[in-house]
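One-letter residues, chain by chain:
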Amino acid sequence: MSTEETHGNGSASAEVAARVERRWATIAVIIIVMMALLAAFAGIHRATMPQPRVETTDPSRIHLSGEFVESNLGSVLEANGNVTVRAIGQQYSFTPACIVVPVDTPITLRATSADVVHGILIQGTNINTMLVPGYISEQLMRFARTGDYLMPCQEFCSFGHEGMWGKVKVIDKIEFAGRAKGGGRLSCVGQ
Amino acid sequence: MLVNRKLILAHFWLAFAVFGIALTLGAWQMFIRSPIGTWLSNPELYYRSLTAHGTVMGYVFPTLVAMGFGYAISESALEQRLVGVRWAWTGFWLIVIGSVMAVIPVALGRASVLYTFYPPLIGNVFYYLGVVLVVVGSWIWVALMSINLRVWRKAHPGAPVPLAMFANVAGAYLWAWTAVGAALELLLQIIPVAAGLKATIDAGLARVFFSWTLHAIVYFWLMPTYIAYYTIVPRAIGGRVYSDSMARISFILFLVVAMPIGMHHTFADPMVGAGFKFIHSAFTALVALPTLLTVFTICASVEIAARLRGGRGMFGWIRTLPWDNPMMLALAFSFVMLGFGGAGGLINMGYQLDASIHNTQWITGHFHLIFGGAIVIMYFAIAYDLWPHLTGRELIDLRLIRTQLWLWFIGMIVTTFPWHWVGILGMPRRMAYFDFGDPAIAPQALSVTFSAIGGFILLASGILFLVILARGMRAPQAEAGPYRFALAVHQPATVPIALNTHALWVALMIALTLTNYGYPILTLAMTEGTSVPAVYVGAQ
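Here the structure is a predicted model, which is why all the values come from computation and not from measurement.

Peer 1: Is there a simple way to think about the pattern of salt bridges in this case?
Peer 2: For the coordinates displayed, the defined rule picks out 14 salt bridges over all chains. For E155 of chain A, the salt bridge identified is with R207 of chain B, shortest N-O distance 3.8 Å. Pair noted here: E155 of chain A is in the loop between β10 (147-152) and β11 (165-171) and R207 of chain B is in helix α6 (residues 203-213), and the two residues belong to different chains. In this structure E155 of chain A comes out as buried when scored by relative accessible area, which is 2%. By relative accessible area, which is 13% here, R207 of chain B ends up buried. The salt bridge involving E303 of chain B is made with R307 of chain B; its shortest N-O contact spans 2.8 Å. With a gap of 4 residues between them, E303 of chain B and R307 of chain B both fall in helix α11 (residues 288-308), about one helical turn apart. The partly exposed category is assigned to E303 of chain B, whose relative accessible area is 25%. Salt bridges here are not isolated pairs; linked through shared partners, they connect E55, E67, R86, R110 and E138 of chain A.

Have a look at this one:
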């Protein structure tokens, strides 16, 4: 590459160039700092944080004992009026395949995978989490409207992935409370 | 001074041949999952195709383009014969062997794990070994680029390294370090299980290792494109680079901040804590900086060309740009796609916004717009620009070239915009088919159909591209002269040592990676009981 001498009024034009450039670089830095601050604000103040803690579980034993045994899966009404939903993903379905929850109630979703990596995505909401075998995913949710939502597996989990669709049924609070009276684990499978 | 033309041509031809195959697979995939195609009787074929498409487009194609272009830059920018030609051929053949080795188990349905691997799904061991060979072959190129620059430095003590070579070597170092993440995942985790030495695997840890390679691999794909922005476009349209030092700063920033950001791919994962997710989100924001600087510098460089052609006024100069020049056209298309794709990227990066679109079709739309669109269209431009110098023959049919670029641009928009839309509606990605008969999914049928049409436009453009290159091999002979790179308005006589060497920045890149990945990886590695039984793909 040949080096070339600067043009006639080189230093003056170089100064202009440097000034314009500096201005643009400053704007770019401000944009980026703003974006990071927004994320920090939303994360710390509004507590919208994905998976804040790391919890583990042994997938080869989840069917036998502990939180994710089959009889403990589904929705349960806690003493403080909140609802906890426990679910597992496995090739190629969710258990329970239909989750029933009350409207306008703080809900904690706790889920894990029994085999490979899966994902839970509830369409029309920003509820979206990965299920990684060996780890427990926890996500807070709250539904503003009653109705039915589709819940596909959003992560490739081998050949049957495209058939792995669950459902979420959001029902009236009083109806849910009535069904939850006995303290059992609710689901809408078969309804 | 291009001496090893055969070597460079071999890389480009292999790159574009495998690109053609992967593009055809892509179009087929779009067709059979859309309402206009019939349902597959066996969706497993879809995932074989998807694995081949991703592996070729992600690992083989861009790596070969970067290598071929890198050899061309080394010879023509440094005006020095390539040192280590025999090694370069060894690297090339390793990639050939690796690609064949990987693609056979994929074709047999024994490695449908997609190019992102997804442990504890485990495919045939030869698939992973093939990928390793491709990477090892590319590492030879990394070493050669470093050695060639060193030889040149010895002969030119203190002289400014030509911008193209400075950027090229930065890209090579970025790739060398980026690939370490996937290499660790393959060597420590996946291959022992695939070879039958172990039966369990820590899927969470493996995903963190892979995120080390993602996202920085995208910036490796991007490097040839950015080198073309800075060092080819201004020359091809009769302008000058606005600022040589800003260009160097951009490439250095890519080297430093592109590396420690990959955990934004695990925002929704349970094995990474919120603190590290936030740090990676902030670093991802930072990597927008070199792109913002580049957009400014390149627009200013283009403006210089327009004003030299008599362009006037605040925006009037845009009209005087040489719009019939394929390089100008490719740049404009590339910038538009980079703009849309980049805006989507900022949403993905947003720690909280990501939840709305994580793993939906939106993501597919985003990276096809960036990689398939903004990046690959400049690969075309690089090939068009280099071809006459490699073949000693002129590419005469500029109209055909313009048509090809237009088709690619239109095809990319028609493909990716509907994807973004259905992504917002919550359509998951990597699906072999959708049940469009379901009333809840039926409204998305039209968008998916548009995407499929876009896929065929892209295929047509890709075929046209190969035809133009092949015809260029048989055009009448014409000496194209030495291959030149764009000069800066103020071509530097000296460059500060920090902008002329890579050592400091490579050290910073490694240090930042270790701080951003070291703790999560160590804690995961030391956590007991997170290994899970492997699930073998295709095992009966």
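Peer 1: Help me understand the interface of chain B and chain A, please; the structure alone is not making it clear to me.
Peer 2: Interfaces are frequently sized by the accessible area removed from exposure as the parts join. With 80 residues of chain B at the interface, the matching set in chain A holds 63 residues. Taken together, both faces of the contact between chain B and chain A bury some 5,700 Å²; the carbon and sulfur share is 68%. Looking at the side of chain B facing chain A, the largest losses of area belong to P270, Q352 and H490 of chain B, adding up to 12% of the total buried there. There are 2 salt bridges connecting chain B and chain A. A salt bridge links R430 of chain B to E155 of chain A; the shortest N-O distance between them is 2.4 Å. Of all the elements in the fold, those that place two or more residues in the side of chain B that touches chain A are α2 (44-78), α6, α10 (274-286), α11, α12 (326-349) and α13 (354-357) of chain B. Looking at the side of chain B that touches chain A element by element, the count peaks at 6 residues for α10 of chain B. Among the residues forming the side of chain B that touches chain A, the class breakdown is 53 nonpolar, 18 polar and 9 charged.

Peer 1: Whenever I open this one, unusual backbone geometry confuses me. Can you help?
Peer 2: Negative phi is the rule for most residues except glycine; trans is the rule for most peptide bonds. The omega angle of the peptide bond from Q91 of chain A to Y92 of chain A is -10 degrees, so this bond is cis rather than trans. Relative to the elements of secondary structure, Y92 of chain A occurs in the loop between β3 (83-90) and β4 (93-95). Between T95 of chain A and the following residue, P96 of chain A, the backbone shows a cis peptide bond with an omega angle of -5 degrees. A positive phi angle, near 60 degrees, is found at L114 of chain B, a position not held by glycine. Mapped onto the secondary structure, L114 of chain B falls in the loop between α3 (85-107) and β1 (121-122).

Peer 1: How should I be thinking about the confidence of the model for chain A in this particular structure?
Peer 2: Close reading of the predicted structure is inappropriate where its pLDDT is low. A residue-level look at chain A finds 91% of positions with pLDDT of 70 or above and a mean pLDDT of 88. A low-confidence stretch, residues 1-8 of chain A stays under pLDDT 50, and its non-local contacts, those more than four residues away or across chains, total 18 contacts.

Peer 1: Before we go on, may I ask you to explain α2 of chain B in this structure?
Peer 2: An α-helical turn contains 3.6 residues, so a residue and the one three or four places further along point in the same direction. Residues and elements named next belong to chain B. The end-to-end C-alpha separation of α2 is 49 Å, in line with the 51 Å expected for 35 residues at 1.5 Å each. At V56, α2 is bent by approximately 35 degrees, the largest bend along its length. One or two steps after α2, the chain reaches E79, where phi turns positive at roughly 50 degrees.

Rules behind the numbers
- Residues numbered from 1 in each chain as written.
- Chains lettered and ligands numbered in written order.
- Predicted model: local features only at pLDDT ≥ 70, side-chain atom pairs only at ≥ 80, totals over all residues.
- Heavy atoms only, no water.
- Salt bridge = Lys/Arg side-chain N within 4 Å of Asp/Glu carboxyl O.
- Helix = DSSP H or I, 4+ residues; strand = E, 2+ residues; numbered from the N terminus.
- Buried < 20%, exposed > 50% of the residue type's maximum accessible area, 1.4 Å probe, protein only.
- Contact = heavy atoms within 4.5 Å.
- Buried area = accessible area lost by both parts, 1.4 Å probe.
- Nonpolar A, V, L, I, M, F, W, Y, C, P; charged D, E, K, R; others polar.
- pLDDT = per-residue confidence, 0-100.
- Expected span 1.5 Å × (residues − 1).
- Bend = angle between axes of the 7 residues up to and from the residue.

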